[in-house]
Structure formats: structure tokens, C-alpha cells
Amino acid sequence: MTSTGPRLQCLYPDAGTRALELEGLYLDECWRAGAVPGPEGCFVYANFVASLDGRIATAAEPGGSLEVPAAIANPRDWRLYLELAAQADVLLVSGRYVRELGAGTAQAGFALSGDAPADLLNFRARLGLPPRPAIAVLSASLDLPPAPLAAVRRERPVLILTGAAADGARRRALEAHGCEVVVAGQSTVRAAQLLPELAARGLRYVYAIAGPEVLRTLVVAGRLDRLYLTTVFRLLGGDRFATLLTGELLPAPVALRLREAYLDQDGGPAPAQLIQVFERVWR
Ligand SMILES: NC(=O)c1ccc[n+]([C@@H]2O[C@H](COP(=O)([O-])OP(=O)(O)OC[C@H]3O[C@@H](n4cnc5c(N)ncnc54)[C@H](OP(=O)(O)O)[C@@H]3O)[C@@H](O)[C@H]2O)c1
């Protein structure tokens, strides 16, 4: 592991007392011990980078595809995203993302694929973990191109989670390509059915790297244990955007508690940002 530049200023819980290297922030070998699993035996965490006005993705034109804006994507946040992947047994991704992979328009491949930093692979080896976390795809439509799934199956397990109402022919086609398809809900996947399926396969540290629908699936069911959020100090505006959650107001506000906060700001050309870790208030 090598230093990547400016140090972080810890704002919470030890305000001002520590200046930390960004690299390695989440590579604690005791990280799992501090992650208390929920009722199904899984610890579920999600990670987002957002602008000050709450955009996680924007579309350049009406009807255009949503993308993480270049104004907020940055290598330092990406490093933390990968470190969190290094702690995971399984990555939750969306059907939409797999379609973008198939179309060649995805902004990045599966986390910790061939381009994974060596120190992260070494970290997983030290913990006795397989080199790469498994992939769990949430898809109600099962409109999934088999090629990117077949490619990733060569390096790690892949599971597709869907609802009982999913199209049978699409399901059989995916199974014919060697994909395991599991029903975990009716029209859509429910977290309370998804997590036992993952736990039964030994996939207990669950890293949600999809967007607002998958996060909603977890939050509505009370299954989000920790939220990693990087807020980049930039305002983007625009009215074609995604934010952390989609859909109706939540039945009740979900309260989170600040667990850690770090200021990443050195006055240089890189965007200043606040790195925050929130956790559930109760369990
Ligand atoms: N800034 C950030 O940190 C960040 C992080 C993540 C994503 N993003 C951006 O946010 C945008 C949206 O991302 P996304 O589409 O991957 O995320 P998403 O809104 O969570 O996922 C949408 C798709 O996932 C499937 N899905 C979600 N919940 C489901 C459920 N309960 N049951 C069954 N299927 C379910 C559906 O696939 P089917 O259509 O196949 O049924 C749906 O179309 C993208 O532009 C992405 O780049 C930004």
C-alpha cells in the first residue's frame, strides 16, 4: 500500500486528534468483528458519492442515461469504494447495470475484477477470503444479457435474484447459460427473502453498490446496517438526476447515527469532500 496524497482530517469521533492516510481507511482486519449482523445473519452496507445538492447520477439530456457525474467521481472516493468491496462476501448490483455492461456503456466493470489493486487482493488473502466477492444481481425483469454474466462467472460465483412473477422463458434462458436464478419475492425481490438466500450460501457481508431502487429495497425492510456516503463539495443543479432513494416517501423516516466523519480537503485541484459513515440507530 502506498500513500496517495493528502491526509484526512478526522472530524468524528476523535475530532482533530488524528490525520489519517486515505488508503487503508477501511482495510481494518477487525472491520468484520465490528459489523454486527442482522436477523438473517447478514451485515448489509451501501456506499454512495453525491454532490452537495444530493445528485448521485445525472443525465445530460432528456431520456438520456443516468451516469455518475465526472464532477463528483474521483480516485480517492473510488479507492474507498474498492476497500469496502475488499471487505465483502457479495456485491449487490442491479439488472440495469448488467444491461449496461452488456451494451458496453457501463462506467466501470465489477469491483475487484482483473484491475483490482494488489494490496486489496492481498488483504482478502490474509483474511482467508476468496480473491473476489461474489455477485448478486437483483432483477425483476430478468432482461439480462448472458455474456457479461458468463464472463464474471469464470472468476467468481454469480447469483440472480428475482420475483416469482418473473418471465419463465427468460429465467430458463439464463439457467441454460449456467446462471443460478433464485426467487426472493413476488413481483420484486424483498430483502427479508434475499438475505437468507445469501446467508445460506455463506455470503454474510453484503455490499450494495447499486442505486436508489436497491437501496430502497433494503431500507424499507429495515435491512441497511451501514451507509458510507462521500459528499463532494460541488453543486450540480439540473433536473434529470438520481439521488440516494427513489419512490414514495418512506412509511417512516429512517434515522441513522454518525459513526465516523473525515474531511478530505487540501486546497489542491482535487474536489474537497466529506467522508461519512452512518449506522442504524437500533437493532
Ligand atoms: N453516485 C453513486 O455513488 C452511485 C451509486 C450507485 C449507482 N449510481 C447511479 O445510479 C443510477 C441508478 O443505478 P442502478 O440502476 O444500478 O440502481 P437501482 O435504481 O438500484 O436499480 C435499478 C434496477 O435494479 C433492479 N432492481 C432494483 N431493486 C429491485 C428489487 N427489489 N427487485 C428486483 N429488481 C430490482 C431492477 O432491474 P430490472 O430492470 O432488471 O428488473 C431495476 O431496473 C445509475 O446511473 C448509477 O450509475 C450512483
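Quick summary incoming for the structure in this document.

Quick notes on the rules
Starting afresh in each chain, residues are numbered from 1 along the sequence in its written order. Local features in this predicted model are restricted to residues of pLDDT 70 or higher, and side-chain atom pairs are both shown and tallied only at a pLDDT of 80 or more, whereas totals for entire chains, interfaces and linings draw on every residue. For side-chain calculations, the full set of non-hydrogen atoms in the structure is used, while hydrogens and water are omitted. Burial classes: relative accessible area under 20% of the type maximum marks a residue as buried, over 50% as exposed, and values in between as partly exposed (1.4 Å probe, protein chains only). Runs of H or I in DSSP of at least four residues are treated as helices and runs of E of at least two as strands, each being numbered from the N terminus. Following DSSP output, two strands are said to pair if at least two bridges run between them. Clockwise travel from the first strand over the helix to the second, with the strands pointing away from the viewer, marks a crossover as right-handed. Site definitions follow a grid-based scheme: protein atoms alone, a 1 Å grid, a 1.4 Å probe that fits but cannot get out for cavities, and for pockets an open set with protein on both sides within 12 Å along at least five of seven lines, plus lining residues having an atom within 4 Å of a point. Grid points are joined across faces, edges and corners, and a volume is the space filled by probe spheres set on the points.

This paragraph deals with the pairing of strand 3 (residues 43–51). Most of strand 3 is tucked away, with nine of its nine residues classed as buried. Burial along strand 3 is two-sided: the face carrying Phe-43, Tyr-45, Asn-47, Val-49 and Ser-51 and the face carrying Val-44, Ala-46, Phe-48 and Ala-50 are both buried. Two strands pair when backbone bridges link them, and strand 3 and strand 9 (residues 205–208) are joined in this way by four bridges, in the parallel orientation. Each residue of the ladder has a partner; that of Tyr-45, found in strand 9, is Tyr-207. Relative to strand 10 (residues 226–232), strand 3 runs parallel, the two sharing seven bridges. Following the sheet pairing, Tyr-45 is matched in strand 10 by Arg-226.

Let us now look at the sheet that holds strand 10. Overall, mixed pairing links the 11 strands, which are arranged 2-1-12-13-10-3-9-5-6-7-8 in an open sheet. Edge positions in the sheet fall to strand 2 (19–20) and strand 8 (180–183), since each of these pairs with one other strand and no more. By the bridge criterion, three bridges tie strand 5 (residues 90–94) to strand 9 in an arrangement that is parallel. Along strand 9, the bridge assignment pairs Val-90 with Val-206.

Counting buried positions over the five residues of strand 7 (residues 158–162) gives five, a clear majority of the element. Covered by surrounding structure in strand 7 are Val-158, Ile-160 and Thr-162 together with Leu-159 and Leu-161, the residues of both alternating faces. As judged from the four bridges shared by strand 6 (residues 134–138) and strand 7, these two strands associate in the parallel manner. If you follow Leu-138 over to strand 7, its bridge partner there is Leu-161. Note that the unit made of strand 6, helix 4 (residues 146–153) and strand 7 has a crossover that is right-handed. In this sheet, strand 8 lies alongside strand 7 in parallel orientation, the contact comprising four bridges.

Applying the stated criterion across every chain, the model contains two cavities of 30 Å³ or more. Volume-wise, the largest cavity comes out at about 40 Å³. In terms of lining, the largest cavity is formed by Tyr-26, Asn-47, Asp-77, Leu-80, Leu-84, Tyr-228, Leu-229, Thr-230, Ile-275 and Gln-276. Of all elements in the fold, only helix 1 (75–86), strand 10 and strand 13 (273–280) reach the threshold of two or more residues within the lining of the largest cavity.

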